[in-house]
Amino acid sequence: MADDSTTRNLGDILSKIDNTAEMEKYFDNPKITDSFSSFIDYLRSIIEAKKITDSELITKSGIEKSYYYQIMKGSRNPGRDKVIRLCIAAGLTNRETTRTLELSGNAPLYPKNRRDIIITVGINQHASVDDINLLLDKYKEEPLG
């Protein structure tokens, strides 16, 4: 069965909507839109859904505790590597990682960049931050900072 959330299928559904009640139902479908405009809200929702504690995320990501809480309060805007570390520690998929990077204002993982390819494969393997850093080192790429 095809995924109903493909752009073409969504376009077909949208083309048949001619009233606001139907439009509101369309908005409520999580496959169509996500209501997150904030990196922190999105990450927090995933953390809650996966039942990960802040202390687990801090430990697995290797991010300093005070820095982590500054990120989660919105007083620090993390760089790309820190966001990737959080995504890996939370066990996010590539798709979830891409969305998190976009919402944080960082570039998504690029499939033509050697370092990003290594990180992507690590995410696909559910590797830890440390394991991905070892893999990056093996291929002479910068570790996740």
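As a starting point, this report considers the structure included with it. Nothing here was measured: the structure is a model prediction, and the numbers come from that model.

Ranked by internal contacts, the top residues of the largest apolar core, which has 33 residues, are F39, L57, Y68, L86 and I119. Contributing elements (two or more residues each) for this core: α3 (39–49), α4 (54–61), α5 (65–73), α6 (80–89), α7 (94–103), α8 (114–124) and α9 (129–138).

Before going further, it helps to examine the environment of K60. In this structure, K60 sits in helix α4. Measuring from C-alpha to C-alpha, the distance between K60 and A89 comes to 5.0 Å, with 29 residues separating the pair along the chain. Residue contacts for K60: discarding those within four places in its chain leaves A89 and V129.

Looking only at α3, the buried set comprises F39, I40, Y42, L43, I46 and I47. Seen end-on, α3 carries its buried residues on one side only, within an arc spanning 165°. The outward face of α3, more than 90 degrees from its buried face, is lined by the exposed residues E48 and A49. Contact partners of the buried residues in α3: α4, α5, α6 and α7. Sitting at the head of α3, S38 places a side-chain oxygen 3.2 Å from the backbone nitrogen of I40. In the segment just after α3, K51 is the residue with positive phi, at about 55°.

Moving on, we come to α7. Residues of α7 that are buried include every one of N94, T97, T100, L101 and L103, and no others. For α7, the secondary structure elements touched by its buried residues are α3, α6 and α8. The first or second residue beyond α7 is G105, which carries a positive phi of 85°.

Two elements in contact, α4 and α5, have axes whose closest approach is 10 Å; the angle formed by their N-to-C orientations is 120°. Taken as axis vectors, α4 and α5 run oblique relative to one another. In terms of crossing hand, the pair formed by α4 and α5 is right-handed. The segment α4 lies against α5, with D54, L57 and I58 engaging K65, Y68 and Y69. When grouped by side-chain class, the residues that make up the contact of α4 with α5 number four nonpolar, no polar and two charged.

In this model, K51 sits at a positive phi of 55°, which is unusual for a non-glycine residue. Within the secondary structure, K51 is located in the loop between α3 and α4. K51 gets classed as exposed once you look at its relative accessible area, which sits at 72%. If you check the backbone angles, H126 has positive phi at about 60° while not being a glycine. Residue position: H126 is located in the loop between α8 and α9. Classification of H126 by relative accessible area gives exposed; the value is 68%.

Our next topic: the pattern of salt bridges. For the structure shown, the criterion picks out six salt bridges. Residues K50 and E96 are paired through a salt bridge, measuring 3.9 Å at the closest nitrogen-oxygen approach. With K50 in the loop between α3 and α4 and E96 in helix α7, this residue pair connects regions lying 46 residues apart in the sequence. Residue classification places K50 among the partly exposed positions, given a relative accessible area of 34%. Measuring nitrogen to oxygen at the nearest pair gives 2.8 Å for the salt bridge that ties D81 to R115. A residue pair is termed long-range when its members are at least 10 positions apart, and D81 in helix α6 and R115 in helix α8 qualify at 34 residues. Overall, the relative accessible area of 12% leaves R115 in the buried class.

Definitions and cut-offs
Per chain, the residues get numbers from 1 upward, laid out in the order the sequence is written. The model is predicted, so local features are restricted to residues of pLDDT at least 70 and side-chain atom pairs to those at 80 or more, both for listing and for counting; the totals for chains, interfaces and linings are taken over all residues. Processing note: side-chain calculations cover all non-hydrogen atoms of the structure and skip hydrogens and water entirely. To form a nonpolar core, buried Ala, Val, Leu, Ile, Met, Phe, Trp, Tyr and Cys residues must be joined to one another through side-chain atoms within 4.5 Å. Burial status follows relative accessibility: with a 1.4 Å probe on protein chains alone, a residue under 20% of its type maximum counts as buried, one over 50% as exposed, and anything between as partly exposed. Helix and strand assignments follow DSSP, with helices taken as H or I runs no shorter than four residues and strands as E runs no shorter than two, numbered in order from the N terminus. Should any heavy atoms of two residues lie within 4.5 Å, those residues are counted as being in contact. Here, the arc refers to the directions that run from the helix axis to the C-beta atoms. In protein, a polar contact means a hydrogen-donor-capable atom and an acceptor-capable atom, both N or O and within 3.5 Å, with residues adjacent in sequence counting only if both atoms are side-chain atoms; elsewhere, any N or O pair within 3.5 Å suffices. Each axis is a line fitted through C-alpha atoms, and for a helix only the stretch in contact is used; angles between axes span 0 to 180 degrees, taken between their N-to-C directions. Note that the term roughly parallel is reserved for angles under 35 degrees, roughly antiparallel for angles over 145, roughly perpendicular for angles of 65 to 115, and oblique for everything else. By definition, any crossing whose near helix is turned counterclockwise from its far helix by less than a right angle is left-handed, and any crossing with a clockwise turn is right-handed. Residue polarity follows a fixed list, in which Ala, Val, Leu, Ile, Met, Phe, Trp, Tyr, Cys and Pro are nonpolar, Asp, Glu, Lys and Arg are charged, and the others, Gly among them, are polar. Salt-bridge detection follows one rule: a side-chain nitrogen of Lys or Arg within 4 Å of a carboxyl oxygen of Asp or Glu.

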